[in-house]
Amino acid sequence: MSNRDVASIRRVGRGRLILSPSWLILSLLLIGAILLALNSQLLWRMDQLLYDVQLKLWSRPPPQDVVIVAVDSGSLAELGRWPWRRGVHADLINRLSDEGAKAIFLDILFVEPDLQHPAEDQRLADAIERSKRVFLPVIIEQLKQDGQLSETLPMSLLMDKAKGLGHVDIDLDPDGIARRVFLKEGVGSANWPSISVAILQTLDPELVSSLPGSRNPDSISVGPAAIVRDYHVLLPFAGPPGHFARIPYAKVLQGEYPLNYFRNKIVLVGATAPGLGDLIPTPVSGYNRPMSGVEINANLIDALRRGIAIETLNIKWQLQLTGIILLLALLSFPFIKPRLVFLTVGIMFFSTLGLTSLLLHAAHIWFPPTAILSGLLIGFPLWSWRRMVRTARYFEQELLRLREEPRSIQFYEESGHFSKGLSFLQVVLQFDGWVLYDASGLMINSSHSDLAVTPPGSLILLGQARKEEWLWLHIPRGNTYWQLGMKISEALYQDREAMDLLTEYIEQFGVNYLPERRGNVELVERQVRRVQSAIADLRSTRRLLSDILRQMVDGVLVINLGGQVVMSNRQAAHFLGLKTEVEQPLFDIESLADQLTIKGSSSLSDVFRDVLVDGKVISLECSMTHQNEMLIQISPLSEAGGRFNGAIIILSDISQLKESERKRNQTLSFLSHDLRSPLTSMISMLEIQKSGADILDETEMSARIGLYAHKALRLADDFLRLAKAENADYESFRDTNIVSIAHNAVDSVFAEAKAKSIRLQRIIQSEDIWMKADAALLERALINLLENAIRYSPEAAAVTLRLESNGHEVNCCVEDQGQGIAKEDQEKIFAPYQQIRKGASKDEKGTGLGLAFVKVVVEKHRGKISVQSDVDVGTQLCLTIPTVQDV
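Residues numbered from 1 in each chain as written. Predicted model: local features only at pLDDT ≥ 70, side-chain atom pairs only at ≥ 80, totals over all residues. Heavy atoms only, no water.

1. Focus on the overall build of the protein
- Looking only at helices and strands, one finds 28 helices and 33 strands in the protein.
- With 887 residues in all, the protein has 42% of them scored as buried.
- Restricting to contacts in the protein with at least 6 residues of sequence separation, those with at least 24 account for 68%.
- A total accessible area of about 48,900 Å² is found for the protein, and carbon and sulfur atoms account for 53% of it. (Helix = DSSP H or I, 4+ residues; strand = E, 2+ residues; numbered from the N terminus. Buried < 20%, exposed > 50% of the residue type's maximum accessible area, 1.4 Å probe, protein only. Contact = heavy atoms within 4.5 Å. Areas by Shrake-Rupley, 256 points an atom, 1.4 Å probe, with all protein chains shown as cover.)

In structure tokens, the structure reads:
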């Protein structure tokens, strides 16, 4: 692998996130397309749908001073066919004026004079003049003659008498729904205010001194044939049709209304009957419930007075805000965790709807959200597709890199390797032979060339067959298979562990999938299968490494450059005094120095510097706080590029090795000094006798040679007994009566005790105490304790052996009345070749192996030995050994 590849791998997950240029370009192209659609009004239908939904949720009580006098079906039935005579309208105006209405709007066209009833026109004009509060409509229509637009005004007789004129044009969107009005419009110039504005200009001029709405830059005159509109607003309907107070036209004429019902109210008179053609669909109309034009004007009056007329956000601001929001959203995807991108898109989606609703209800500004929502809904799949493509490409590259790298553990699939493995297992499991056939029945290999057996025909169906002494297995190999026969005895066939081992090996060579044909599986699915296979190999390798680490007797720590433990095993936790491996990552490697006492002048910091900086491999001996002697080997850990990533620390407990070394040195010292000394003395005596020097007589010479010979013999016996005790096996011990052993031991030292006039006392509570023991070793241990007590006791003293049992363990104590042992020397008396106590003569001194032998014997019986001693008072040595029931 090249250094460039290594550097690329090192950057994965470590460097700061960098925006991909390709995603930036893709995002800009998407945003550009969305903005183009927004500017071209291609998304208007969805925007209007969202506007309608929000408008339906925004209702308010109708104003109390606005009343609609409805030309409804009931009034038509009572007053006759439409149009009614103009005198009827005059009567209505007179009645409303007398009732104190503050404004009257007749949403009825009076364009031409009534030729049949000319007096009716004058009567209506007189009523309008008398009222001084009547407003009449102006409409803009297309002439039939030449198709040009024209302003249709009331006839001059009425127009001169009216309080004001205003247009009643309601703009319909392409879907035929009325959502917006223009507060001013006209042919050639926007000189006619909306009838609602005209009414409010009369009633409250300050309220409409500054009109809301989007301005038209071409509101000045553009020619006599063009309609000009200005102050564009969206209508915030107060409620569905019929939301405003209304009263039938006929009932008003008949006086069927409450007293003072019209006082100080704005009265709008207009058609609501279905057949009169003044019904318009609105966002709040619902199914088959259009709203009358007069009620739409009532909604506009209410909106203008409340100051809640809705303005559409300028297209320039729409483009800027949409572009910024989409750019921030799309460019944030690479910096968010993949599993959170969908959640982020959802949050942005509903946040956009929330922002639109907030602007609509709080600021009365309509910001169409469809462009942003479309960008998010297209951007997320686009990002997912691009990420999937990049992932597939990454998988392809990584899988190619994995195939190029050597595998750390080889699982061979060739028949040659399979045969070698079977031959090895044949030796281990001791079965008689094997033979391997391919699918065509051709022999691939066999343990013996003269084997000639045929696979059973049922093998392909059953997968396994037992025929006489042969076990046959069917091994799939993709689009083919192998047939394996093994000559296995019945005993081996019934051995589950052996058969599991054999089966597990054979299963490694099974191929249960067919080779892929290029193009029959999608690219991503194919890559996923390959990744699954690679991950399975990695998992297998990781489990194998984990098992290897777990089974190692040495502790292993892997640290990074920061001294943090990134890998360890159970033995390392034990050496470091940690309860579990989980605590090891919390272990500070610097505190390791506090637990170590390094032999030599090197410090741990110097050692790590040599390893991490210079790449040296260091081995050092040290002892830990819990008395373990350790060999620590520290090696640098490097990757393929040669850079150091940390260190591997191997902790080896060499306490037993060091203890064996010390024992060997003690043994050599014993052989070279203690055992050699009496032999040298005997040789000296013999040399003196040969020289003829008359220094010692023959009797004294013989006595001295005998003394040295017995001393050498005693040393050799003690050494051999100690070696025998160290090699004793608890499993070979037999049930033994320790009471008999105790009596035999006391009897064995009777002569020595009598020579010093020492009384031997026995305090034994039971006649029989049985336990699992080596009778000879245990008796010799008690004899050593008794001889020791006699040797270091003064003449005429007493030595006591006390034996008792509590049912679970046996306590056997030997007590003397000697000079005792100092407290600081009590732990040393059980070490080999140590002679601590004083008081015995030179000839009575022991070998230094007696108590060491006793301790080894007790430990082999899974017991313990304790000492209690006071200087000039005496010493008590006690053996505590568990009985058979506790073992």
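2. Describing the packing of aromatic side chains
- Applying the stated criterion to the full structure yields 13 aromatic pairs.
- Through successive ring pairs, a cluster of aromatic residues spans Trp23, Phe333 and Trp383.
- Taking the ring centre of tyrosine 730 as reference, the NZ or CZ of arginine 862 above it sits at 3.8 Å. (Phe/Tyr/Trp six-rings, centres within 6.5 Å; stacked < 30°, edge-to-face > 60°. Lys NZ or Arg CZ within 6 Å of the ring centre and 35° of its normal.)

3. What about the packing of helix H5 (residues 86–98) against helix H6 (residues 118–131)?
- One can describe the packing of H5 onto H6 by two numbers: an axis separation of 8 Å at closest approach and a directional angle of 15°. Classified by the angle their axes make, H5 and H6 are roughly parallel. Of the two possible hands of crossing, H5 and H6 adopt the one that is left-handed. Listed contacts from H6 to Arg86, Gly87, Val88, His89, Ala90, Asp91, Ile93, Asn94, Ser97 and Asp98 of H5 are Glu120, Asp121, Arg123, Leu124, Ala127, Ile128, Arg130 and Ser131.
- Split into classes, the residues belonging to the contact of H5 with H6 amount to six nonpolar, five polar and seven charged. (Axes fitted to C-alpha atoms, helices over the stretch in contact; angles between N-to-C directions. Parallel < 35°, antiparallel > 145°, perpendicular 65-115°, else oblique. Left-handed = near helix turned anticlockwise from the far one by under 90°. Nonpolar A, V, L, I, M, F, W, Y, C, P; charged D, E, K, R; others polar.)

4. Comments concerning the side chain of arginine 60
- Checked against the element boundaries, arginine 60 lands in the loop between helix H3 (44–56) and strand S1 (66–71).
- Apart from residues lying up to four places away in sequence, arginine 60 is in contact with Pro236, Phe237, Ala238, His243, Asn299, Asp302, Ala303, Arg306 and Ile308.

5. Here we look at the sheet that holds strand S30 (residues 798–805)
- With respect to topology, five strands assemble into an open sheet ordered S28-S30-S31-S33-S32, the strand pairing being mixed. Both outer strands of the open sheet, strand S28 (759–764) and strand S32 (864–870), are each paired with one neighbouring strand and no more. On average, each strand axis in the sheet is tilted by 15° relative to the strand beside it, whichever way the strands run.
- For S32 and strand S33 (residues 874–882), the ladder comprises seven bridges, and the chain directions are antiparallel. Bridge pairing in S33 links serine 866 to cysteine 878. (Pairing = 2+ DSSP bridges.)

6. Considering the state of the cysteines
- Considering all chains together, one arrives at one disulfide under this definition.
- Cysteine 812 forms no disulfide, and the closest cysteine sulfur to it belongs to cysteine 813, at a distance of 6.8 Å.
- Among the residues examined, cysteine 812 registers a relative accessible area of 3% and is labelled buried. (Disulfide = S-S within 2.5 Å.)

7. Some details on a nonpolar patch on the surface
- Together, Met46, Leu49, Val53 and Leu57 make up an exposed nonpolar region whose accessible area comes to about 410 Å².
- Within the element layout of this structure, valine 53 appears in helix H3. (Patch = residues over 30% accessible without salt bridge, like charges linked within 9 Å, V, L, I, M, F, W, Y side chains within 5 Å. Salt bridge = Lys/Arg side-chain N within 4 Å of Asp/Glu carboxyl O.)

8. Some words on the pattern of salt bridges
- In total, this model carries 25 salt bridges according to the counting rule given.
- Between arginine 179 and aspartate 52 there is a salt bridge; the shortest N-O distance is 2.8 Å. A residue pair is termed long-range when its members are at least 10 positions apart, and arginine 179 in strand S7 (residues 178–187) and aspartate 52 in helix H3 qualify at 127 residues. The burial state of arginine 179 is the same as that of aspartate 52; both residues are buried.
- For the salt bridge of arginine 246 with glutamate 295, the shortest nitrogen-to-oxygen distance reads 3.0 Å. You can see arginine 246 sitting in strand S10 (residues 245–248) and its partner glutamate 295 sitting in helix H10 (residues 293–306), a full 49 residues away along the chain.
- In this structure glutamate 295 comes out as buried when scored by relative accessible area, which is 1%.
- Salt bridges sharing common partners tie together Asp52, Asp173, Asp175, Arg179 and Arg180.

9. Here we look at a negative patch on the surface
- Taken together, Asp495, Glu497, Asp500, Glu504 and Glu507 make up a surface patch of like negative charges.
- Mapped onto the secondary structure, glutamate 504 falls in helix H17 (residues 496–507). (Lys, Arg positive; Asp, Glu negative; His and termini not counted. Charge placed at Lys NZ, Arg CZ, Asp CG, Glu CD.)

10. Examining the packing of helix H2 (residues 21–39) against helix H11 (residues 315–332)
- Two elements in contact, H2 and H11, have axes whose closest approach is 10 Å; the angle formed by their N-to-C orientations is 155°. Taken together, the axis directions place H2 and H11 in an arrangement best described as roughly antiparallel. Judged by the sense of rotation from one axis to the other, the crossing of H2 with H11 is right-handed. Only Ile315, Gln318, Leu319, Thr322, Gly323, Leu326, Leu327, Leu330 and Leu331 of H11 make contact with H2, whose side of the interface consists of Trp23, Leu24, Ser27, Leu28, Leu30, Ile31, Ile34, Leu35, Leu38 and Asn39.
- Here the residues of the contact of H2 with H11 are counted per class, giving 14 nonpolar, five polar and no charged.

11. So, H3
- Look at H3: 18 Å from first C-alpha to last across 13 residues, which is about the 18 Å you get at 1.5 Å a residue.
- For H3, the complete set of buried residues consists of Trp44, Asp47, Gln48, Leu50, Tyr51, Asp52, Gln54 and Leu55. (Expected span 1.5 Å × (residues − 1).)

12. So, the environment of isoleucine 104
- Note that isoleucine 104 resides in strand S2 (residues 103–106).
- With 27 residues separating them along the chain, isoleucine 104 and serine 131 place their C-alpha atoms 8.9 Å apart.
- Apart from residues lying up to four places away in sequence, isoleucine 104 is in contact with Ile93, Leu96, Ser97, Ser131, Arg133, Val134, Phe135 and Val267.

13. Concerning the pairing of S7
- Counting buried positions over the 10 residues of S7 gives nine, a clear majority of the element.
- Strand direction decides the pairing type here: strand S6 (residues 171–172) and S7, joined by two bridges, are antiparallel. Bridge pairing in S7 places aspartate 171 opposite arginine 180.
- Hairpin connection from S6 to S7: five residues lie between these consecutive antiparallel strands, with glycine 176 at a positive phi of about 80°.
- Sheet topology note: the S7/strand S9 (residues 227–234) ladder contains seven bridges and is antiparallel. Directly across from glycine 186, in S9, lies its bridge partner valine 228.
- Relative to strand S8 (residues 192–193), S7 is paired through two bridges, and the arrangement is antiparallel. Looking at S8, one finds that glutamate 185 is bridged to tryptophan 192.

14. Describing the confidence of the model for the protein
- Residues of the protein with pLDDT of at least 70 account for 84%, and the chain-wide mean is 82.
- The lowest-confidence element of the protein is helix H1 (residues 3–11), averaging 39 in pLDDT; the highest-confidence one is S2, averaging 95. (pLDDT = per-residue confidence, 0-100.)

15. Points about the sheet that holds strand S18 (residues 464–467)
- The five strands are arranged S17-S16-S20-S19-S18 in an open sheet whose pairing can be described as antiparallel. Two strands close off the open sheet at either side, each with one partner strand: strand S17 (443–446) and S18. Between one strand axis and the next, the sheet turns through 20° on average, direction left out of account.
- As paired elements, strand S16 (residues 433–438) and S17 share three bridges and run antiparallel to each other. Looking at S17, one finds that tyrosine 437 is bridged to methionine 443.

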